Amino acid sequence: KTTVGKAILQLLPSSGGSVRLLGQELVGQSRRELRPLRRRLQMIFQDPFASLNQRMAVGEIIGEGMRALAMPGTNPQRSDRAAAIAAVLQQVGLDPAAAGRYPHEFSGGQRQRIAIARCLTMKPDILICDESVSALDVSVQAQVLNLLQDLQDEFGLSYIFISHDLAVVKYMSDEVMVMNNGEVVEQGDSDALYSAPQQPYTRKLLDSIPKGLGAHG
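What comes next is a walk through the structure. (Residues numbered from 1 in each chain as written. Predicted model: local features only at pLDDT ≥ 70, side-chain atom pairs only at ≥ 80, totals over all residues. Heavy atoms only, no water.)

## Some words on the nonpolar core
Stage number 1. With 35 residues, the main nonpolar core has Ile 44, Ile 62, Val 92, Ile 116, Leu 148, Leu 151 and Tyr 159 as its most contacted residues.
Stage number 2. Going through the elements one at a time, helix 3 (58-68), helix 4 (78-91), helix 5 (108-120), strand 4 (126-130), helix 6 (138-155), strand 5 (158-162) and helix 7 (166-172) are the ones with two or more residues in this core.
Stage number 3. Once residues within four sequence positions are removed from consideration, Ile 44 is found in contact with Gln 112, Ala 115, Ile 116, Cys 119, Leu 127, Ile 128, Cys 129, Asp 130, Ser 132 and Leu 148.
Stage number 4. Membership of the second largest hydrophobic core comes to twelve residues, among which are Val 19, Leu 34, Leu 41 and Ile 128. (Core = buried A, V, L, I, M, F, W, Y, C linked by side-chain atoms within 4.5 Å. Buried < 20%, exposed > 50% of the residue type's maximum accessible area, 1.4 Å probe, protein only. Helix = DSSP H or I, 4+ residues; strand = E, 2+ residues; numbered from the N terminus. Contact = heavy atoms within 4.5 Å.)

Right, dumping it as structure tokens:
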């Protein structure tokens, strides 16, 4: 599942198939050709401890993409970047003063919020969430999942939500794709798939959910 997510972003080369964004083929494109599309596709990685550069202040981490992927002919002023960083920190529930601190000063949930903020500065259309809450405590998971849903409502984001936790998947997803050994075995509307799975592998997965485990909230 992670490999698929990275292949969509072309962080890993694709051995076959096609990835299209707004009708434009991504597979086989050069880094230069992909550059204008990088803003539209962003990824929240699984490990909030490894995905942030420990030597950079939070403001630098969040603003790095703004500098690296600035639109041609634009060069945002430092004051404009600082204002944008402060705004996005507030959007993910952190104090703008966090911009001057370093990742090791934050909890796992707070670090994942920083990672989300880093993505939001790009104003993406699609966020790939790769097991983005699996490393967090259950109570913190709920906070981050609710934040993701709030941001989706506010910005009209689409998520590709990768997870092995089927309770979390049901809470987050309108449509579900089940994979086994790199192959898609079932795909469909979330409610329909959970209530009447068609494939034995899907039924086995759903049977593994602890009874009484409902939506996070």
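## Observations concerning the side chain of Gln 42
Stage number 1. Mapped onto the elements, Gln 42 comes out in strand 3 (residues 41-44).
Stage number 2. With a relative accessible area of 14%, Gln 42 lands in the buried category.
Stage number 3. Looking at Gln 42, its side chain comes within polar contact range of the main-chain oxygen of Arg 38, at 2.7 Å.
Stage number 4. Ignoring any residue separated from it by four or fewer positions in sequence, one finds Gln 42 in contact with Leu 9, Cys 119, Met 122, Pro 124, Ile 126, Leu 127 and Ile 128. (Polar contact = N/O pair within 3.5 Å; in protein donor to acceptor, adjacent residues only side chain to side chain.)

## Points about the state of the cysteines
Stage number 1. For the structure shown, the criterion picks out zero disulfides.
Stage number 2. Cysteine Cys 119 is unpaired, with the sulfur of Cys 129 as its nearest cysteine sulfur at 8.0 Å.
Stage number 3. Overall, the relative accessible area of 2% leaves Cys 119 in the buried class.
Stage number 4. For Cys 129, a relative accessible area of 0% puts it in the buried group. (Disulfide = S-S within 2.5 Å.)

## A look at the sheet that holds strand 5
Stage number 1. As summarised here, the arrangement of the three strands in space is 3-4-5, forming an open sheet in which the pairing is parallel. Both outer strands of the open sheet, strand 3 and strand 5, are each paired with one neighbouring strand and no more. Averaged over all adjacent pairs, the angle separating strand axes in this sheet is 20°, with direction ignored.
Stage number 2. Pairing of strand 4 with strand 5, which is carried by five bridges, proceeds in the parallel orientation. Within strand 5, the position partnered with Cys 129 by the bridge is Phe 161.
Stage number 3. Relative to strand 5, helix 6 is tilted by about 155°, and along the sheet it contacts strand 3, strand 4 and strand 5. (Pairing = 2+ DSSP bridges. Axes fitted to C-alpha atoms, helices over the stretch in contact; angles between N-to-C directions.)

## Details of the side chain of Asp 130
Stage number 1. Inspection of the secondary structure assignment puts Asp 130 in strand 4.
Stage number 2. Lacking a salt bridge, the buried Asp 130 has Lys 6 as its closest oppositely charged neighbour, with an N-O distance of 5.8 Å.
Stage number 3. Non-local contacts of Asp 130, meaning those with residues more than four positions away in its chain, are made with Thr 2, Met 43, Ile 44, Phe 45, Gln 46 and Ile 162. (Lys, Arg positive; Asp, Glu negative; His and termini not counted. Salt bridge = Lys/Arg side-chain N within 4 Å of Asp/Glu carboxyl O.)

## Considerations on the environment of Tyr 201
Stage number 1. Within the element layout of this structure, Tyr 201 appears in helix 9 (residues 200-207).
Stage number 2. The class for Tyr 201 is partly exposed, based on a relative accessible area of 28%.
Stage number 3. Note: C-alpha distance between Tyr 201 and Ala 167 (34 residues apart in sequence) is 16 Å.
Stage number 4. Excluding anything up to four places from it in sequence, Tyr 201 contacts Val 178, Met 179, Asn 180 and Val 185.

## Comments concerning helix 6
Stage number 1. The end-to-end C-alpha separation of helix 6 is 26 Å, in line with the 26 Å expected for 18 residues at 1.5 Å each.
Stage number 2. If you check which residues of helix 6 are buried, you get Gln 141, Ala 142, Val 144, Leu 145, Leu 147, Leu 148 and Leu 151.
Stage number 3. Just past helix 6, the residue Gly 156 takes up positive phi, approximately 65°. (Expected span 1.5 Å × (residues − 1).)

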